[in-house]
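Tertiary structure, described
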Amino acid sequence: MSLLDSINKVDDFTWELPASAREGMLVPGIVFADRELLEKADKDNALQQVANVACLPGIVKASMAMPDIHWGYGFPIGGVAATDREEGVVSPGGVGYDISCGVRLLKTSLVGEEIKDRLRQVIDLLNASVPKGLGTKGRLRLGRAEMERLMRRGAEELVARGIGWEEDLEAMEEEGCYPGADPAKVSERAFTRGRDQVGTLGSGNHFLEIQVVEEAAPLAEKMGLFEGQVVVMAHSGSRGMGHQVCSDYIEIMGAASGRFGYRLPDPQLVCAPVQSREGRDYLGAMACAANFAMCNREAITHWIRECFEKVFKAGARELGMELLYDVSHNLAKAEQHEIGGKTMELIVHRKGATRAFPGSRPEVGEKFAESGQPVIIPGDMGTHSYVLVGSEEALKKSFGSTCHGAGRAMSRKAARKQVRGDELLGRLEKEGIMVRAGHLAGLAEEAPEAYKDVDEVVRICEGAGLSHAVARMRPLAVLKG
Amino acid sequence: MGIRAYGRSVAEAFENCALGMMSLMLEPERVRPQRRVRLSAQGRDGSSLLVAWLSEILFRVEAEGWAFASFEVDSCSEVAVAGWGSGEPMDATRHGLKLEIKAPTYHRLELGEKEGQWTAQVIFDV
């Protein structure tokens, strides 16, 4: 029997999978989707994964999925699971291998017309300046002590070295420094993998995009966004360092699983009590990877600003290249939430989901107290991306979470079968989108048709009240990892 | 992104699985087997051994910059594997570089023998 047969419609954008739907579920599953996306989630087994996550010891309220839900490794992508900090577990698979993979948006004071004739020059310079793809090393060489400082202090460490701006920090989650980082819990292999990778884009779905704001809601102005404005989006994560931390702790928790005695439906959901040595160590190492990821995006930002300075022969400040916001969409965070009138201390796992807090939450900071926390949503390279803001309703419904992107609609293999990289390149160029990519097969895997319709995903997020759209952008030029 | 590799022995399945993983990252047939690199890994059981073996190779590729053309396993128990990778330093101009692999995962991982044929199935996070 399909899980779809057990699911109940709560409203047009919310579906509940009762805890009785499958043996072992401790809480219900809640999927924010319309009927079509729900059926897709069922077809690619992501719904099954929502049910699997509902079996995690100490999970509270529900195993949730955002509208961009699709099949992942263990946890679905688009999954949100909160566990009790005292009684519950933390699961490295609930964060994912690319710890603190995230997106940021840089503003400029330029309008589309002003970049039109120099777009080729900018994207070619970015292509030459931002290391990307397999086997590339970053432009920074860090020794062991420098790496430790960076893991502890986060983006502040780079800013102190003249990479990035002081004011960038207040436009980053946790002001660029995730608390509790403990480099002693990071393996030598993770240090070695990350050593040369600060300021590198990576490959897969990571990218830089020069975009133009196509539509802006009244709130956009308060955030310094306006129609016609050129902005730059960057998507990358913690690189080999974070991948190794995740791999290491999946092994460590796997080896200890006999002691914990959990029976889990998927070995990739391996976990440990938050208060166990393994759980605490993981959170200390994960925080290091989160800081590494923010530094990575901060260094990339520095190269982007340098490229614009060279092409436009003006300073980046003069060009208005302020950071709008930097958000992570793969992370576990210690947060307080109200459940049934009671305030609970939780670990909120977001895997392919973005924190979307209203301005009333202290974590959001003064800068966004009025607007709410910005949420940066990359679409596919052929259509749109969005800036959203968090909402009070999201706090009540989804632990303050929303989608993280369009979400894949097609596997990489299927995309490669259907799309040819060179044809795609030509098609996008015809549509006025310049593309630079490491290799063409990889580009085909990222074709617009391989993704869900981001406009639809955002519409459902708004319909469900999880976040509100502030600006919609379309791509002018894309650099793919 | 996943692969299913076969072998007449568990050692051969491990060799082929490693080669399959390399072929997702680059074109192994374009790599010259000029140097031999010692590889070893330990696990708790067959599944974790396979993950550890692939993680060891991934580390050599990503952190040490090796490109491998082939693999040879010379000892393989339930909890330890050792062998060689033959290749050369990675060269972006010659090796047809493709994707980075973040990690081999345990999701839908399979390792087993049926009528003398070993199968190893691994899904990678890319």
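Please refer to the structure higher up on the page.
First things first, this report covers the structure right here in the doc.

Calculation criteria
- Residues numbered from 1 in each chain as written.
- Chains lettered and ligands numbered in written order.
- Predicted model: local features only at pLDDT ≥ 70, side-chain atom pairs only at ≥ 80, totals over all residues.
- Heavy atoms only, no water.
- Axes fitted to C-alpha atoms, helices over the stretch in contact; angles between N-to-C directions.
- Helix = DSSP H or I, 4+ residues; strand = E, 2+ residues; numbered from the N terminus.
- Parallel < 35°, antiparallel > 145°, perpendicular 65-115°, else oblique.
- Contact = heavy atoms within 4.5 Å.
- Nonpolar A, V, L, I, M, F, W, Y, C, P; charged D, E, K, R; others polar.
- Left-handed = near helix turned anticlockwise from the far one by under 90°.
- Pairing = 2+ DSSP bridges.
- Phe/Tyr/Trp six-rings, centres within 6.5 Å; stacked < 30°, edge-to-face > 60°.
- Buried < 20%, exposed > 50% of the residue type's maximum accessible area, 1.4 Å probe, protein only.
- Lys NZ or Arg CZ within 6 Å of the ring centre and 35° of its normal.
- Buried area = accessible area lost by both parts, 1.4 Å probe.
- Salt bridge = Lys/Arg side-chain N within 4 Å of Asp/Glu carboxyl O.
- Polar contact = N/O pair within 3.5 Å; in protein donor to acceptor, adjacent residues only side chain to side chain.

**Here's the deal with the packing of helix H5 (residues 144-153) of chain A against helix H10 (residues 277-312) of chain A**
In a pair of packed helices, the angle between the axes and the distance between the axes together describe the arrangement. All names here are of chain A. At a minimum axis separation of 7 Å, H5 and H10 run at an interaxial angle of 95°. Our classification of the angle between H5 and H10 gives roughly perpendicular. Contacts from Met147, Leu150, Met151 and Arg152 in H5 reach Ala287, Cys288, Asn291, Phe292 and Cys295 in H10. Of the residues in the contact of H5 with H10, the class split is seven nonpolar, one polar and one charged.

**Concerning unusual backbone geometry**
The residue Asn45 of chain A is not glycine, and still its phi comes out positive at about 70°. Position of Asn45 of chain A among the secondary structure elements: in the loop between helix H1 (35-43) and helix H2 (46-53).

**Concerning the packing of helix H1 (residues 10-25) of chain B against helix H2 (residues 46-62) of chain B**
All names here are of chain B. Running from N to C, H1 and H2 cross one another at 40°; their axes reach a closest spacing of 11 Å. The orientation of H1 with respect to H2, classified from their angle, is oblique. When the axes of H1 and H2 are compared, the crossing they make is right-handed. For the pair formed by H1 and H2, the contact residues are Phe14, Cys17, Ala18, Met21, Met22 and Met25 on the first element and Gly46, Leu49, Leu50, Trp53, Leu54, Ile57, Leu58 and Val61 on the second. Residue classes in the contact of H1 with H2 are distributed as 13 nonpolar, one polar and no charged.

**Focus on the sheet that holds strand S1 (residues 8-11) of chain A**
Residues and elements named next belong to chain A. Read across the sheet, seven strands follow the order S1-S2-S3-S4-S5-S13-S12 without closing on themselves; strand pairing throughout is mixed. Here the strands that pair on one side only, and so sit at the sheet edges, are S1 and strand S12 (330-339). Within the sheet, the average angular offset between the axes of one strand and its neighbour, ignoring direction, is 25°. Of the strand pairs in this sheet, S12 and strand S13 (residues 342-351) are connected by 10 bridges, and their pairing is antiparallel. Looking at S13, one finds that Ala334 is bridged to Ile347.

**Describing the packing of aromatic side chains**
Enumeration according to the criterion identifies eight aromatic pairs over all chains in this entry. Look at Trp71 of chain A and Tyr73 of chain A: their rings are 5.7 Å apart centre to centre, the planes differ by 65°, and that puts the pair in the edge-to-face class. Among the residues examined, Trp71 of chain A registers a relative accessible area of 21% and is labelled partly exposed. In this structure an aromatic cluster arises from ring pairing among Trp66, Phe68 and Phe71 of chain B. A cation sits over an aromatic face here: Lys61 of chain A above Phe399 of chain A, 5.4 Å from the ring centre. The ring centre of Trp165 of chain A lies 4.1 Å from the NZ or CZ of Arg317 of chain A, which sits over that ring.

**Re the sheet that holds strand S3 (residues 66-76) of chain B**
All names here are of chain B. Here we have three strands laid out as an open sheet, ordered S2-S4-S3, and antiparallel in their pairing. The open sheet has two edge strands, strand S2 (35-42) and S3, and neither has a second partner. Each neighbouring strand pair of the sheet contributes to a mean axis angle of 25°, computed without reference to strand direction. Relative to strand S4 (residues 80-89), S3 runs antiparallel, the two being bridged by nine bridges. Counterpart to Cys76 in the pairing with S4 is Val81. In the packing of H1 onto the sheet, the strands contacted are S3 and S4, and the crossing angle to S3 comes to about 165°. Strand contacts of H2: S2, S3 and S4, with the helix running at about 140° to S2, the strand carrying the most contacts.

**Observations regarding the interface of chain B and chain A**
Interfaces are frequently sized by the accessible area removed from exposure as the parts join. Taken together, the 30 residues of chain B in the interface contact 34 residues of chain A. A combined buried area of about 2,800 Å² lies between chain B and chain A, and 55% of that area is made up of carbon and sulfur atoms. The three residues of chain B that bury the most area against chain A are Glu100, Lys102 and His107 of chain B, which together make up 24% of that side's buried surface. The interface formed by chain B and chain A holds five salt bridges in total. Counting the contacts that link chain B with chain A gives 16 residue pairs in polar contact (both at pLDDT 80 or more).

Shape is all these values report; function is a separate question.
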